[in-house]
Amino acid sequence: MIMLTIKNFSKSYYQEKILSFPELKIPKGIHWVKGENGSGKTTFFKALSGLLPYHGEISFDDGISLNNNPVHFRKLINYGEAEPLYPGFLTAKDIIRFVGKTKGSSVSHQKKITEHFEIPAFEEKSCQTYSSGMLKKLSLALAFLGTPRCIILDEPLITLDEHARCRLFDMINDSIRKDGTSFLISSHQVIENISIGPINTYTIQDKTITLA
Amino acid sequence: MKNIILTLNRIFALEFYRLNAAFFLVLIGLCAGFMSGVEHQALAAYFTSSPFLLLVPVLCWFFYAGKVISFNQKTSNLPENIFIRDLFLLKRHIQWATALPFILSELMPIILYSIFLALVAIDKSMLWSVALISIVIIMIVLMTTIAFIRTLNHSLSETKVWALRHYLNSRFSRFHFQFFIEWIVRRDFAVLMGTKLFSCLLLLAITNLYQTDRYDWRLLAMGLTIAFAGHLVLIFHFQRFEEIYLSFIRNLPLSIVKRLLNFILVFTLISLPDFGLIIRNFPSFLSTGILPFTIVFGISIFILIYGYLYTSPVSLEKLIQRSFALIIIILILILFNIPLWVISVVLLTTGSILYKKHYYAFEFIAPLKSKNNSQDS
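This structure is a prediction, so every number in the text was calculated from the model and none was measured.

(A) The environment of S39 of chain A, seen in detail. All names here are of chain A. Topologically, S39 is positioned in the loop between β3 (30–35) and α1 (41–48). S39 sits 129 residues away from L168 along the chain, and the two C-alpha atoms are 25 Å apart. Excluding residues that lie within four positions of it along the chain, S39 makes contacts with I204 and Q205.

(B) Layout of the nonpolar core. Ranked by internal contacts, the top residues of the largest apolar core, which has 101 residues, are I95 and I152 of chain A together with I235, F302 and I305 of chain B. Per element, the largest residue contribution to this core is eleven residues, and it comes from helix α15 (residues 290–309) of chain B. Aside from chain neighbours lying at most four places away, what touches F302 of chain B is F228, H231, I235 and F267 of chain B.

(C) A look at the interface of chain B and chain A. Counting from both sides, the interface comprises 27 residues of chain B and, opposite them, 29 residues of chain A. Looking at the side of chain B that touches chain A, the elements that each hand over two or more residues are α8 (163–171) and α9 (176–187) of chain B.

(D) Spotlight on the domain arrangement of chain B. All names here are of chain B. Domain assignment breaks chain B into domain 1 (2–157) and domain 2 (176–370). On a C-alpha basis, the centres of domain 1 and domain 2 stand 32 Å from each other. On the side of domain 2, six residues touch domain 1, which itself brings five residues to the contact. At three residues, helix α2 (residues 21–34) tops the list of elements feeding residues into the side of domain 1 that touches domain 2. Of the residues assigned to the side of domain 1 that touches domain 2, the class counts are three nonpolar, one polar and one charged.

(E) View of the pairing of strand β7 (residues 182–186) of chain A. Residue and element names in this part refer to chain A. Buried residues dominate β7, accounting for five of its five residues. Side chains S182, L184 and S186 project from β7 onto one buried face, and the interleaved F183 and I185 project onto a second face that is buried too. Relative to β7, β3 runs parallel, the two being bridged by four bridges. Each residue of the ladder has a partner; that of H31, found in β7, is L184. Traced from strand β6 (residues 150–154) through helix α6 (residues 162–179) to β7, the parallel crossover comes out right-handed.

(F) A look at the packing of helix α6 (residues 108–123) of chain B against helix α7 (residues 127–153) of chain B. Residues and elements named next belong to chain B. At a minimum axis distance of 9 Å, the contact between α6 and α7 shows a crossing angle of 165 degrees. With respect to α7, the element α6 is oriented roughly antiparallel. The hand of the α6/α7 crossing is left-handed. Across the interface between the two elements, I111, S114, L117, A118, A121 and I122 of α6 pack against S129, V130, I133 and I137 of α7. Considering only residue class, the contact of α6 with α7 consists of eight nonpolar, two polar and no charged.

(G) Local environment of the environment of I334 of chain B. Residues and elements named next belong to chain B. Its location among the elements puts I334 in helix α16 (residues 316–335). With 21 C-beta atoms counted inside 10 Å, the residue I334 sits in the buried group. As for I334 and F267, which are separated by 67 residues in sequence, their C-alpha atoms are 23 Å apart. In contact with I334, other than residues within four places in its own chain, are R218, A221, M222 and T225.

(H) How the structure looks around the sheet that holds strand β2 (residues 16–27) of chain A. Residues and elements named next belong to chain A. The three strands lie next to each other as β2-β1-β4, forming an open sheet whose pairing is antiparallel. Looking at strand neighbours, the two that pair on one side only are β2 and β4 (55–60), the edges of this open sheet. In this sheet, neighbouring strand axes are inclined to one another by 10 degrees on average, regardless of whether the strands run parallel or antiparallel. Bridge analysis of strand β1 (residues 2–13) against β4 gives five bridges, and the strand direction is antiparallel. Each bridged residue has a counterpart across the sheet, and for L4 the counterpart in β4 is F60. Running over the sheet, α1 touches β1, β2 and β4 and is turned about 60 degrees from β2.

(I) Looking closely at helix α13 (residues 256–270) of chain B. All names here are of chain B. In a regular helix each residue adds 1.5 Å, so 15 residues correspond to 21 Å; α13 covers 21 Å between its end C-alpha atoms and thus fits that length. Of the positions making up α13, those classed as buried are F263, V266, F267 and I270. The buried residues of α13 occupy an angular sector of 90 degrees when the element is viewed end-on, so they sit on one face. In this structure, α13 carries V257 and L269 as exposed residues pointing more than 90 degrees from its buried face.

(J) Summary view of the sheet that holds β3 of chain A. Residues and elements named next belong to chain A. The six strands lie next to each other as β5-β6-β7-β3-β8-β9, forming an open sheet whose pairing is mixed. Edge strands, defined here as strands with exactly one partner in the open sheet, are β5 (77–80) and β9 (208–211). Strand-to-strand twist across the sheet, computed as the mean angle between neighbouring axes with direction ignored, equals 20 degrees. Of the strand pairs in this sheet, strand β8 (residues 199–205) and β9 are connected by four bridges, and their pairing is antiparallel. Pairing of Q205 across the sheet is with T208, part of β9. Those strands touched by helix α5 (residues 132–143) are β5 and β6, and its axis lies near 175 degrees from that of β5.

Thresholds, definitions, all that
Residues numbered from 1 in each chain as written. Chains lettered and ligands numbered in written order. Predicted model: local features only at pLDDT ≥ 70, side-chain atom pairs only at ≥ 80, totals over all residues. Helix = DSSP H or I, 4+ residues; strand = E, 2+ residues; numbered from the N terminus. Contact = placed C-beta atoms within 7 Å. Core = buried A, V, L, I, M, F, W, Y, C linked by C-beta atoms within 7 Å. Buried ≥ 20, exposed ≤ 12 C-beta atoms within 10 Å, placed from the backbone. Domains from an automatic or database assignment. Nonpolar A, V, L, I, M, F, W, Y, C, P; charged D, E, K, R; others polar. Pairing = 2+ DSSP bridges. Right-handed = clockwise from strand over helix to strand, strands pointing away. Axes fitted to C-alpha atoms, helices over the stretch in contact; angles between N-to-C directions. Parallel < 35°, antiparallel > 145°, perpendicular 65-115°, else oblique. Left-handed = near helix turned anticlockwise from the far one by under 90°. Expected span 1.5 Å × (residues − 1). Arc of directions from axis to C-beta.

The following block contains the structure:
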C-alpha cells in the first residue's frame, strides 16, 4: 500500500542539480535510505519534511500534499536531524513542550516519550550543557511527538550508546506495531533489532534514488 | 609569536568588529551625523570638568569592556577555536604578549576617545582628569587581558548554573515568543539597547518639538518611520535566529498566520517602550484618532521588512541600503499628506503577501561560523 508519492522531484543548489527523479512511490513500512557522504540523503529528507524548498510534488496516499496543504502535511511527517542544533539557553523541556503543542501531543504523551529516551534526567538543564548523545536523544524524542504517519530519521544511531540504540529500536517497533507509523531511515550502520519488517532499501547515487 | 598574534587578531578583533558592525554604524551615525567638531569638543570639555561628569564616559567604557570580555570568552569556547586553549602551555609573560595586541585592537574605540578627552583636558589644564582617564584606561586594558588569560587557564572548569535559573527551568517552560527575546538579550544586548535607545530618544525628541510649536501629524509620522525602521537590525537577527537555531520550526504544522503573529508579538513586546512613549507624549492638539494608527504603522513597517527578508537571502548591508530607500518612499508619501492608515494598510498587506509567497520557498544557507551552539550561551 502506497504511503507517500513523490513526482518530478528535483533539488538544486546554485543551478547545480543535487537530486532529481521523475517518480517515487514509497509504501507503508520501514525504509532504509543508503548513500555515500554528500549523495543528497539529508537534502532529500529535509525536502520531504518541509524544511527545504524543492521542485515537484510530494503527497500522502489520501492526497494531502506538501505544496497544497503545508500545515496538515507537516502534522503527519516528523523529522529527526542528523546533527541537531538548538539555542544553547533553551532546555529540552522548553523545546519538547513547544514542538509537542504544535504537533498536537499531550503533556502526558510527551512525558512518556521523554521517559523512554531517559531525557528527564537532563531536561531542565540548558542545551549548551548537553553532550552529542543527549542532543541526539532530544532530537529523536521530538521526532516521535504527535501522531505522525511517517517519521524520517537521519543517521539516528550516531552518537548513541548501545543502551540508547536499544531504546530507539523499541520505540520504532512500538510505533510500527501500535500506530502503523512508517519510517524512512538513513544510516551508515546496519539497522538491526527492528522486528517488524520487511525493510525496503533505497540507494541515492548519481543524483537519483532507486529501490535496491 | 608573530603568527600567533596575527591569528588571534583575526579570530578575536576582526570578528568582534564584523559582528558589531551594525552597532558601530549606529554609533558613527549618532556621533558624526548629529554633532559637529566644535560640539564634540564642548562635550569633551564638559565631561572633563568634574570627576562626577567624567563618570559618564567611564561607565560607557566599562560597559564596552564588559562586552569585549564576554565576546572573548564566548569566542574562546567555540568548538572551532578550541586550539586557542593550547596557549596556556606558554609562559605567562608570552601569554600576555600575545593577548595584548588583539585586546588593544578591540578596545581601540574607547582608547582613541580617551586620548581625545585627555587632550581636551590638557588644553583646559585639568591634569587630574588626564590622570583619572589614564588610570581608568590602564585598568580596563589590564582587566580585559586578565579575563582572557583567566579564560585560557580555566577553560576546563565547570559551568555554573544559577540557583534561580535552575528553579525557573524546573517550574516553567518558555513560550515560543520568549525564545528570540532571550537570545538577543544574551547574544547581542548592545544591538538591542542601541536600537531601543535610538528609537526612544528620537521619539522623545520629536514629541518634545510639539511642545514648542504646532506642527501637524506629519512630523510625528516621519519620526515614527525612522524610529521603527531603525529596528531592521533586530528583524534581521530574528530571521537568522529562526533559520539557524530554530530551523526545525519549518517542519512544524504552524500556519503562515501563526508564524506572522508570533513575529508581531515578539516585536510588539520589544517595542513596548516606544509605544508607551508615544501614548504618554502624544501631542494633545493632534486628533487622538491617529494614536492607534501610530502603533499599527510601526508594526506594518516591521512586517514589510520581515516579509522582504524572505524574498531572497540578503546581507545586513544590503538590507540597510534597501530599507533606506523604503524610508525615503514612506517619507515622501507622508509629505504628500497620504493618511497614516492608508500607508499602514499598504505596508501591512505588502509585507504579509511577501511573507506568504516566499516563506516556504526560501532557503537560508547558514554561514559555517554561525553553526555553533556555544555562541549564544
